[in-house]
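Report on the structure
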Amino acid sequence: MTLITVEVVGYTYRPCGPFPCDTERSCGLETCFQKEKLSYAFPALADALKEKYGDTVSVELVALDKEIPNRIKELVRVEHPPLPIILVNGKLVPVGAVSVPRISECIDSLL
């Protein structure tokens, strides 16, 4: 039973965060460590959240490579969020990176 939907919005082959991974700056994902592309980080995030929350959380990728959905254009126009954009149940979470600890904080507050 999915209660929470996490959407990761960004360009597939662009960085998954503003800073390179290193031993002091970790997003909580080991399988994509130092690859630093959304194409690697998204499946790692989906796996990590599935392991932590089971079927309570679904994770979706909104790739901007071919088309930008109108709802995302409007969000960018109004909020100016950094990429990748993280949405939880359709609401902007000011993370600006694929980060298990930061996204989990938001999910935990809704459970």
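Numbers given for residues are sequential positions, taken from 1 along each chain in its written order. In view of the model being predicted, local features appear only for residues whose pLDDT reaches at least 70, and side-chain atom pairs are presented and counted only at 80 or more, with totals across whole chains, interfaces and linings using the full set of residues. Processing note: side-chain calculations cover all non-hydrogen atoms of the structure and skip hydrogens and water entirely.

Bringing the pattern of salt bridges into the picture now. By salt bridge we mean one thing: a side-chain nitrogen of Lys or Arg within 4 Å of a carboxyl oxygen of Asp or Glu. Counting across every chain of the model gives three salt bridges. With a closest N to O distance of 2.4 Å, R71 and E7 form a salt bridge. Of this pair, R71 sits in helix α2 (residues 70-79) while E7 sits in strand β1 (residues 4-10), placing them 64 residues apart in sequence. With relative accessibility at 45%, the residue R71 sits in the partly exposed group. With a shortest N-O distance of 2.6 Å, R77 and E74 are connected by a salt bridge. You can see R77 and its partner E74 sitting in helix α2, three residues apart, about one turn around the helix. To sort residues, take the accessible area from a 1.4 Å probe on protein chains only and compare it with the maximum for the residue type: under 20% means buried, over 50% means exposed, and anything in between is partly exposed. Take R77: its relative accessible area is 54%, and that puts it in the exposed class. Residue E74 is classed as partly exposed on the basis of its relative accessible area of 37%. Per the convention used, a helix needs a DSSP run of H or I reaching at least four residues, while a strand needs a run of E reaching at least two, with both numbered from the N terminus.

A few words on the side chain of T12. Positionally, T12 belongs in the loop between β1 and α1 (38-53). Since its relative accessible area comes to 15%, T12 is described here as buried. We call two residues contacting when some pair of their heavy atoms lies within 4.5 Å. If sequence neighbours within four positions are ignored, T12 has contacts with K37, L38, S39, A63 and D65.

Attention now moves to the sheet that holds strand β2 (residues 57-63). Strands sit in the order β2-β1-β3-β4 across an open sheet of four strands; the sheet is mixed. If you trace the sheet from one side to the other, it starts and ends with β2 and β4 (91-93), each paired once. When the angles between neighbouring strand axes are averaged without regard to direction, this sheet yields 30°. Pairing between strands requires that DSSP locate at least two bridges from one strand to the other. With three bridges joining them, strand β3 (residues 85-88) and β4 adopt antiparallel strand pairing. The residue of β4 that forms the bridge with I86 is V93. Axis geometry follows a simple rule: fit a line to the C-alpha atoms, using only the stretch in contact for helices, then measure angles between N-to-C directions, giving values from 0 to 180 degrees. On top of the sheet, α2 reaches β1, β2, β3 and β4; it is set at about 110° to β3, its chief contact. Contacting β1, β2, β3 and β4, helix α3 (residues 100-110) crosses the sheet at an angle of about 155° to β1.

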